[in-house]
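Structural description and commentary
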Amino acid sequence: MGLARRLYRGEIDVDFVGKWRLWYSLSGLLLLVSLVGLLINGLNLGVEFKGGTVLSFKAPTATIEQVRDTLTAEGVHQPIVQTTGTGGGWRVTTETLQEGTLSQVQSAIAKDLKVPASEVSVDSIGASWGGEVGQKAWIGLGVFMLAIILYLSMAFEPKMALAAIVALVHDLVITAGIYAWSGFEVTPATLLGFLTILGYSLYDAVVVFDMIKEVTAKLGHTSKMTYSMAANNALNHTLIRSLNTSLVAILPVAAILFIGTTLLGAGVLKDLSLALFVGMIVGTYSSLCVATPLLVTLKEREPKYQAIAKRLASTGGGKGPKGPKSAAVAKG
């Protein structure tokens, strides 16, 4: 409690801005690994996007292995078997099945799993419908990004909007990369998770930028702090709030992901919970270690803040975290 109180009051400073090389390198590595995963493995798109057949039925005494073996014995390639909560409900996703094969599969389920054939519901989803869903998702994402840019540009300034957008793209790429490497299925629930990530990351960035705006507004020709120092000070004042918010949000999501999908068999929840779990962690990191250092990099190019950094460097003042430009000025 004492450490948290001192950190909140600004008595202990974490040098986020001064370690910009570390954060840029770490983010670059994460982005590279994510892009490699997307290029090599790609995303495991759900049936809602690529089309296919969904079989739903109730077999309380069946196991995942029994359900999978029943379908593969009928020539179904790599069926995705999920439980649908209590009551022995099952949801099996397959490639598009022809009428003859589908009848054989229904008969096999009825015979092997003791399920009346009439209670095996079938939903066929065409690839064209999935393409339409994907197109609308991209349009929604584009509109969301445009709205963010306009809002941040009006509420703060264009450079803050740019830094926030870069952080959001950073979060999305890394989360998508983890999906590519893990092989988790991308469903409409996953898209909801991605949109939630955007909102959560944006909220964290707005809190930090609002404090930075308040602190840096006081900087002038006689200031004793560079923009880097002021931004780092503001970041430390919002650090406890950011960490507490993240922890409170991540704990229930972690419970859904690790307990719900493993112990309770709530497989339909993992598509959403993985996106939220990874995105919240990455979003907290990016708002602290990506968005703010990038904002400092952009702002320190302005003549006003370059002059402050040069004056403090010449007088031996301005000891504290240095962004890329202020560090160069100090050396020069």
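Residues numbered from 1 in each chain as written. Predicted model: local features only at pLDDT ≥ 70, side-chain atom pairs only at ≥ 80, totals over all residues. Heavy atoms only, no water.

Quick notes on the overall build of the protein
For clarity, the cut-off: By definition, any uninterrupted DSSP run of H or I lasting at least four residues is a helix, any uninterrupted run of E lasting at least two residues is a strand, and each is numbered from the N terminus. Categorising residues by exposure relies on relative accessible area from a 1.4 Å probe, with only protein chains included: less than 20% of the type maximum marks a residue as buried, more than 50% marks it as exposed, and the intermediate range marks it as partly exposed. By definition in these notes, contact holds between two residues if any of their heavy atoms fall within 4.5 Å. Each accessible area is a Shrake-Rupley result for a 1.4 Å probe, and residues are judged covered by the shown protein chains and nothing else.
Summing up its helical and strand segments, the protein has 12 helices and 6 strands in all. With 332 residues in all, the protein has 46% of them scored as buried. Taking as baseline every contact in the protein between residues at least 6 positions apart, the subset at least 24 positions apart corresponds to 77%. Working note: accessible area of the protein is about 16,600 Å², and carbon and sulfur atoms make up 65% of it.

Notes on the sheet that holds strand β5 (residues 121-125)
This is how it is decided: Strands are treated as partners if at least two bridges between them are detected by DSSP. To obtain an axis, a line is fitted to C-alpha atoms, over the contacting stretch when the element is a helix, and the angle between two such axes runs from 0 to 180 degrees between their N-to-C directions.
Sheet architecture is open: 4 strands sit in the order β3-β4-β2-β5, paired in antiparallel fashion. Two strands lie at the open edges of the sheet, namely β3 (80-83) and β5, each paired on one side alone. This sheet shows a mean twist of 20° between the axes of neighbouring strands, independent of strand direction. This element, helix α4 (residues 64-72), spans β2 (52-58), β3 and β4 (89-94) of the sheet and lies at about 40° to β4.

Details of the side chain of lysine 299
So the rule is basically this: N or O atoms within 3.5 Å of each other form a polar contact, as long as, within protein, one can give a hydrogen and the other can take it, and as long as residues adjacent in sequence are counted only when both atoms are side-chain atoms.
Relative to the assigned elements, lysine 299 resides in helix α10 (residues 270-299). Look at lysine 299 and you get buried, because its relative accessible area is 5%. Side-chain polar atoms of lysine 299 contact the side chain of glutamate 302, separated by 3.0 Å. Leaving out residues up to four positions away in the same chain, lysine 299 has contacts with Glu157, Lys159, Tyr227 and Tyr305.

Describing the pattern of salt bridges
Keep this limit in mind: Any carboxyl oxygen of Asp or Glu that lies within 4 Å of a side-chain nitrogen of Lys or Arg is treated as forming a salt bridge with it.
Inspection of the entire model under this criterion finds 3 salt bridges. Residue lysine 299 is joined to glutamate 157 by a salt bridge in which the shortest nitrogen-to-oxygen separation is 3.1 Å. Taken together, the residues span a long stretch of sequence, with lysine 299 in helix α10 and glutamate 157 in the loop between α6 (127-155) and α7 (158-182) at a distance of 142 residues. One salt bridge in this structure joins lysine 299 and glutamate 302, with 3.0 Å as the shortest N-O distance.

Section: α7
Definition in use: Take the residue count of a helix, subtract one, and multiply by 1.5 Å to get its expected span.
Between its first and last C-alpha, α7 extends 36 Å over 25 residues, near the 36 Å set by a 1.5 Å rise per residue. Directly after α7, the chain includes glycine 183, whose backbone phi takes a positive value near 80°.

Observations concerning the confidence of the model for the protein
How we decide: The predictor reports its confidence for every residue as pLDDT, a score running from 0 up to 100.
Residues of the protein with pLDDT of at least 70 account for 84%, and the chain-wide mean is 78. When mean pLDDT is compared element by element in the protein, helix α2 (residues 20-40) scores highest at 94, while helix α12 (residues 324-331) scores lowest at 51.

Details of the packing of α7 against helix α8 (residues 188-216)
Worth spelling out the cut-off: Helix crossings are classified by the rotation of the near helix relative to the far one: an anticlockwise turn of less than a right angle makes the crossing left-handed, while a clockwise turn makes it right-handed. Under the scheme applied here, ten amino acids are nonpolar (Ala, Val, Leu, Ile, Met, Phe, Trp, Tyr, Cys and Pro), four are charged (Asp, Glu, Lys and Arg), and all others, including Gly, are polar.
Taken N-terminus to C-terminus, the directions of α7 and α8 make an angle of 145°; their axes are 10 Å apart at the nearest point. The interaxial crossing formed by α7 with α8 has right-handed handedness. Packed against α7, whose contacting residues are Met160, Ala163, Ala164, Leu168, Asp171, Leu172, Thr175, Ala176 and Tyr179, the element α8 presents Thr190, Phe194, Ile197, Leu198, Ser201, Leu202, Phe209, Ile212 and Lys213 at the interface. Among the residues forming the contact of α7 with α8, the class breakdown is 13 nonpolar, 3 polar and 2 charged.

Regarding the nonpolar core
This is how the line gets drawn: Take the buried Ala, Val, Leu, Ile, Met, Phe, Trp, Tyr and Cys residues and link them wherever side-chain atoms come within 4.5 Å; each set so joined is a nonpolar core.
Ranked by internal contacts, the top residues of the largest apolar core, which has 62 residues, are Leu152, Phe209, Ile212 and Tyr227. If you list the elements that add at least two residues to this core, you get α6, α7, α8, α9 (227-260), α10 and α11 (303-314). At 16 residues, α10 tops the list of elements feeding residues into this core. Beyond its immediate stretch of four places on either side in the chain, isoleucine 212 contacts Met160, Tyr227, Ala231, Ala234, Thr292 and Leu295. Formed by 17 residues, the second largest nonpolar core is a distinct cluster that contains Val67, Leu97, Val105 and Leu113.

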